[in-house]
Amino acid sequence: MKHLAPFLIVASVALLTIGGGVILYRAKRVSSVAASPDIATKESKQGDVHSRGPANAPVVLEEFGDFQCPPCGGLSGPLLTIEKDYATKLRVIFYNFPFAIHQHARAAAHAAEAAALQGHFWEMHDLLYREQAKWSAVPDVSQLFESYAEILKLDVPRFRKDVRSPQVEVRVVRDEQLGKSLGVQNTPTLILNHRPLPSSSLNSESIRKAIDEILATQPAR
């Protein structure tokens, strides 16, 4: 066995080096959303997403959001105005990324997905952000969310059932897993044409500037 000892030592060192490299790679990948020059999500390519705007729009804005996140709520109004102003030049995609520190964030994501099953995701999305301060402060949001479903003229008994369904939870988890795979750590996280916007640019003026810069490079239509 003595003559095998040097080979065993070399093999052990090699395995440790490879293992360390894998760990380092994973650590770097988690933080890459803030620096990566090109992020292309599988879902955005397939079209299986909640989106507004034409599929062939020259600019695609993807958001990972938490319905109870105050910065997300504060940005929702400006983003809606940006959508209207850029019209057919902009497509917006939303992914759920609820944080456990927000008591009702997951329930809100479920409400939006339950509304989506009746074809009204965006109406619920906008209503949840518009009413964020109200439902965030109540201990039990179920009745309030059902009242929102009624306002949107949804089938409320179906909505009540869907909110608790595995199908809705699977959809929320899928969005979360996508975000984690891209290194998303905060909300709102915005990705413009597969390139993440820095946190310092999460305001109307900076977003418009970034969109205009992309449009300036596009051929005239």
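Everything quoted here is computed from the prediction, not taken from an experiment.

(A) Fine view of the pattern of salt bridges. As enumerated under the stated definition, the model contains ten salt bridges in all. The salt bridge involving D48 is made with R174; its shortest N-O contact spans 2.8 Å. Of the two residues, D48 is situated in the loop between α2 (42-46) and β1 (50-52) and R174 in helix α9 (residues 166-181); the sequence distance between them amounts to 126 residues. One salt bridge in this structure joins E146 and R160, with 3.1 Å as the shortest N-O distance. Highlighted residues: E146 in helix α7 (residues 142-151) and R160 in helix α8 (residues 156-163), separated in sequence by 14 residues. Since its relative accessible area comes to 16%, E146 is described here as buried. A network of salt bridges, in which partner residues are shared, links R52, E83 and D126.

(B) Examining the packing of helix α4 (residues 105-116) against α9 more closely. Relative to each other, α4 and α9 sit at 115°, their axes nearing to 9 Å. Taken together, the axis directions place α4 and α9 in an arrangement best described as roughly perpendicular. Like other packed secondary-structure pairs, α4 and α9 cross with a definite hand, here right-handed. On α9, the residues that touch R106, A109, H110, E113 and A114 of α4 are V168, E169, R171, V172, V173, D175 and E176.

(C) Here's a closer look at the side chain of E62. One can find E62 in strand β2 (residues 59-65). Here E62 is buried and forms no salt bridge, its nearest opposite-charge partner R91 lying at an N-O distance of 7.5 Å. At 2.9 Å, the side chain of E62 forms a polar contact with the side chain of Y95.

(D) A look at the state of the cysteines. Within the structure shown, the criterion is met by zero disulfides. No disulfide involves C69; its sulfur sits 3.1 Å from the nearest other cysteine sulfur, which is in C72. Since its relative accessible area comes to 1%, C72 is described here as buried.

(E) The arrangement of the packing of aromatic side chains in detail. Under the counting rule described, the total for this entry stands at nine aromatic pairs. Centroid distance F64 to Y95: 4.7 Å. Interplanar angle 20°. Geometry classified as stacked. Here F64, found in strand β2, pairs with Y95, found in strand β3 (residues 90-96); they are 31 residues apart in sequence, far enough to count as distant. Residue classification places Y95 among the buried residues on the basis of a relative accessible area of 1%. Ring centres of F67 and F94 lie 5.2 Å apart, and the angle between their planes is 35°; this geometry places the pair in the tilted category. Of the two residues, F67 sits in the loop between β2 and α3 (70-86) while F94 sits in strand β3, which places them 27 residues apart along the sequence. Here F94 falls in the buried class, since its relative accessible area comes to 1%. Members of the aromatic cluster, joined through ring pairs, are F67, F94, F121, W122 and Y129.

(F) Region of the structure containing the confidence of the model for the protein chain. Summing up the model confidence of the protein chain, the mean pLDDT is 84 and the portion of residues at 70 or higher is 78%. Predicted confidence for residues 1-47 stays below pLDDT 50, and this span has 39 contacts to residues more than four positions away or in other chains.

(G) Structural detail: the sheet that holds β1. With respect to topology, five strands assemble into an open sheet ordered β1-β3-β2-β4-β5, the strand pairing being mixed. Whereas interior strands pair on both sides, the edge strands pair on one side only; in this sheet they are β1 and β5 (195-196). Direction of pairing for strand β4 (residues 189-192) relative to β5: antiparallel, over a ladder of two bridges. Each bridged residue has a counterpart across the sheet, and for I191 the counterpart in β5 is P196.

(H) Seen up close, the side chain of E83. Relative to the helices and strands, E83 is located in helix α3. Beyond its immediate chain neighbours, meaning those up to four positions away, E83 contacts R52, L90 and V92.

(I) Molecular detail of the pairing of β3. The buried fraction of β3 amounts to seven of the seven residues, a majority that puts the element mostly inside the structure. The two faces of β3 match: L90, V92, F94 and N96 on one face and R91, I93 and Y95 on the other face are all buried. Note that β2 and β3 share seven bridges and pair parallel. Bridge pairing in β3 links L61 to V92. This β-α-β element, β2 to α3 to β3, shows right-handed connectivity.

What counts, and at which threshold
- Residues numbered from 1 in each chain as written.
- Predicted model: local features only at pLDDT ≥ 70, side-chain atom pairs only at ≥ 80, totals over all residues.
- Heavy atoms only, no water.
- Salt bridge = Lys/Arg side-chain N within 4 Å of Asp/Glu carboxyl O.
- Helix = DSSP H or I, 4+ residues; strand = E, 2+ residues; numbered from the N terminus.
- Buried < 20%, exposed > 50% of the residue type's maximum accessible area, 1.4 Å probe, protein only.
- Axes fitted to C-alpha atoms, helices over the stretch in contact; angles between N-to-C directions.
- Parallel < 35°, antiparallel > 145°, perpendicular 65-115°, else oblique.
- Left-handed = near helix turned anticlockwise from the far one by under 90°.
- Contact = heavy atoms within 4.5 Å.
- Lys, Arg positive; Asp, Glu negative; His and termini not counted.
- Polar contact = N/O pair within 3.5 Å; in protein donor to acceptor, adjacent residues only side chain to side chain.
- Disulfide = S-S within 2.5 Å.
- Phe/Tyr/Trp six-rings, centres within 6.5 Å; stacked < 30°, edge-to-face > 60°.
- pLDDT = per-residue confidence, 0-100.
- Pairing = 2+ DSSP bridges.
- Right-handed = clockwise from strand over helix to strand, strands pointing away.

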